[in-house]
Amino acid sequence: MVNVLFFAGLQEAVGEHRVTLDVAGKTIDELKTLIKDTYSLGHLDHVMVAVNEEYVGENIILNEQDTVAFIPPVSGG
Amino acid sequence: MEHNFWITEEPIALNDVIEKVTRREVGAINIFTGTVRELTDGKRTLFLEYDAYKPMAEKKLAQIGQEIKEKWGDAETAIVHRVGRLDISDVAVAIAISTPHRKAAFAASSYAIDRIKEIVPIWKKEHWSDGTQWIGDQKERHSYDKGIPTEEAMGNG
């Protein structure tokens, strides 16, 4: 299983901070599409993705126990 | 080194970051603080709410400290960012950088705050009298509306 985290406005849109999904073996791109469809979101083009606390590209393949974070454009400072 | 970079829910005490970078061999410690602004383009903020992906945010702050070392050499950095509800004039972020001479400390501080706004997973939500909104870019002109479905989900009021 893979842990998936949402933050800020995306967390509000999804209605969850954390979900656990059976998506090991899928790519980030495939997970994005799944999330978009599951939660009826618009496109996620501006959302960066981190796996195990590091930013990754869309072609990365997920492993069991990975933690994926969907990171909308940041606004700290 | 990681203990120089942290997220807190408590009010920020500037002495905490200054102490982290104080060294006998430096002649400059530059402190930058980012504070909660009341007016943005004429719109009055009541208060802000910050959220962070804490473990990753602390890692990314540490990465910025490492980047500063690579760019300016002998530079020690400490950064703390507050999360939760912040009122007007509260300190949201404090950066302290110590260097042997002042120019590097000024330049590195500017670099640090710019990088925070690029790579550190921290978000702020504006609370106005007529609504709320998570802010998605630092120009504060528009939120990341394309990433989520509806205005209702944004909490626009």
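Here the structure is a predicted model, which means the values were calculated and not measured. (Residues numbered from 1 in each chain as written. Chains lettered and ligands numbered in written order. Predicted model: local features only at pLDDT ≥ 70, side-chain atom pairs only at ≥ 80, totals over all residues. Heavy atoms only, no water.)

Give me the lowdown on the interface of chain B and chain A, citing residues and values where you can.
With 34 residues of chain B at the interface, the matching set in chain A holds 29 residues. When chain B packs against chain A, the two sides together hide about 2500 Å² of surface, and 56% of this comes from carbon and sulfur. Where chain B touches chain A, the interface holds three salt bridges. A salt bridge links B:Lys59 to A:Glu53; the nearest nitrogen and oxygen atoms lie 3.1 Å apart. Of all elements in the fold, only strand S4 (43-52), helix H2 (54-72), strand S7 (91-99), helix H3 (102-119), strand S8 (122-128), strand S9 (131-135) and helix H4 (151-154) of chain B reach the threshold of two or more residues within the side of chain B that touches chain A. Tallying contributions element by element places H3(B) first for the side of chain B that touches chain A, with five residues. Along the lines of polarity and charge, the residues of the side of chain B that touches chain A split into 21 nonpolar, four polar and nine charged. (Contact = heavy atoms within 4.5 Å. Buried area = accessible area lost by both parts, 1.4 Å probe. Salt bridge = Lys/Arg side-chain N within 4 Å of Asp/Glu carboxyl O. Helix = DSSP H or I, 4+ residues; strand = E, 2+ residues; numbered from the N terminus. Nonpolar A, V, L, I, M, F, W, Y, C, P; charged D, E, K, R; others polar.)

Help me get a handle on the sheet that holds strand S4 (residues 54-56) of chain A, residues and values and all.
In a beta sheet, neighbouring strands pair by backbone hydrogen bonds and run either parallel or antiparallel. Residue and element names in this part refer to chain A. Pairing is mixed across the open sheet formed by five strands, whose spatial order is S2-S1-S5-S3-S4. Since the sheet does not close on itself, it has two edges, and those belong to strand S2 (18-21) and S4, each with one partner. Ignoring which end each strand starts from, the neighbouring axes of this sheet average 30° apart. One ladder, built from three bridges, connects strand S3 (residues 48-51) with S4; its direction is antiparallel. Within S4, the position partnered with Val 51 by the bridge is Glu 54. Packed on one face of the sheet, helix H2 (residues 28-38) meets strand S1 (2-6), S2, S3, S4 and strand S5 (67-71) and runs near 65° to S5. (Pairing = 2+ DSSP bridges. Axes fitted to C-alpha atoms, helices over the stretch in contact; angles between N-to-C directions.)

Residues and numbers for a nonpolar patch on the surface, please.
Residues and elements named next belong to chain B. On the surface, a nonpolar cluster with roughly 200 Å² of combined accessible area is contributed by Leu 14, Ile 29 and Ile 31. Of note, Leu 14 is situated in helix H1 (residues 14-21). Classification of Leu 14 as partly exposed rests on a relative accessible area of 33%. (Patch = residues over 30% accessible without salt bridge, like charges linked within 9 Å, V, L, I, M, F, W, Y side chains within 5 Å. Areas by Shrake-Rupley, 256 points an atom, 1.4 Å probe, with all protein chains shown as cover. Buried < 20%, exposed > 50% of the residue type's maximum accessible area, 1.4 Å probe, protein only.)

So what's going on with the pairing of strand S5 (residues 76-82) of chain B? Residues and values would help.
Residue and element names in this part refer to chain B. Along S5, seven of the seven residues are buried, which leaves the element largely enclosed by surrounding structure. Going residue by residue along S5, you find Glu 76, Ala 78, Val 80 and Arg 82 tucked away on one face and Thr 77, Ile 79 and His 81 tucked away on the opposite face as well. In this sheet, S7 lies alongside S5 in antiparallel orientation, the contact comprising six bridges. Residue Glu 76 lies in a different strand from S7, and its bridge partner there is Ser 98.

Hey, could you go over the side chain of B:Thr99 for me, with residue numbers and the actual values?
Mapped onto the fold, B:Thr99 is located in strand S7. When neighbours within four sequence positions are excluded, B:Thr99 is seen to be in contact with B:Arg23, B:Val26, B:Gly27, B:Ala28, B:Asp74, B:Ala75, B:Ala104 and B:Ala105.

So what's going on with unusual backbone geometry? Which residues, and what values?
All names here are of chain A. If you check the backbone angles, Ser 40 has positive phi at about 50° while not being a glycine. Mapped onto the elements, Ser 40 comes out in the loop between H2 and S3. Residue classification places Ser 40 among the exposed residues on the basis of a relative accessible area of 54%. Not every positive phi belongs to a glycine, and Gln 65 is a case in point at roughly 75°.

By themselves, these figures tell us nothing about what the structure is for.
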